[in-house]
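Here is how the chains run, residue by residue.
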Amino acid sequence: MSTDRHTDRRRALALGVGMAIVALLIAVGLLLREHAPGNMGVGFLLGAAVGLIGVAVMAWRLSRRPDRTTAFERAWSQSGDERDDAVLTRALAVLGLLALPLTGAAGIAIGLGAAVEMMLALLILAEILVGATAFAVINRRS
């Protein structure tokens, strides 16, 4: 019985922390919509929504079917073993090494007259692709 109460308390705490994070993200997004230039607030809110949906899906998969989760989900949620953690650490190291040249190339392109919004979108997309590719390659090789 005490295990059930402990689990219920953990769930209530996680729900409270999640609601506080959502409230903070909404407040910051609305402030950005009001005071920041362009569509920064809308972009922030959309990015936060996509991120929160991803976290919710991962948490749902981990709680319902932990045996069917991927190595990335186990490593990112810190519920995996040493191998999952090592794969994620190595993939993030590759991403960190390539982030500087990618950012430099985006800065040079912006300096040469490319649209800032497009270059920043391409930079984020390139970094996501580098991280995903690094994780997949390192996961397959180890």
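See the structure above.
Notes on the structure in this doc start here. (Residues numbered from 1 in each chain as written. Predicted model: local features only at pLDDT ≥ 70, side-chain atom pairs only at ≥ 80, totals over all residues. Heavy atoms only, no water.)

Thoughts on the overall build of the protein
If you tally the helices and strands in the protein, you get 5 helices and 0 strands. Moving toward the C terminus, one meets the helices and strands of the protein in the order α-α-α-α-α. Relative to the compact-globule value of 14 Å for 142 residues, the protein shows a C-alpha radius of gyration of 19 Å, a clear excess of over 25%. For the protein, the spread of C-alpha atoms along the principal axes amounts to about 65 × 45 × 20 Å. Counting over 142 residues, the protein shows a buried share of 17%. Taking the contacts inside the protein whose residues are at least 6 apart along the sequence as the reference set, 43% of them involve residues at least 24 apart. (Helix = DSSP H or I, 4+ residues; strand = E, 2+ residues; numbered from the N terminus. Rg over C-alpha atoms; globule rule 2.2 N^0.38 Å. Buried < 20%, exposed > 50% of the residue type's maximum accessible area, 1.4 Å probe, protein only. Contact = heavy atoms within 4.5 Å.)

A few points about the packing of aromatic side chains
The full count for this structure, using the stated rule, is 2 aromatic pairs. Of the aromatic side chains, those joined through ring pairs into one cluster are Phe 72, Trp 76 and Phe 135. (Phe/Tyr/Trp six-rings, centres within 6.5 Å; stacked < 30°, edge-to-face > 60°.)

Fair warning: the whole summary comes from geometry, so function is off the table for now.
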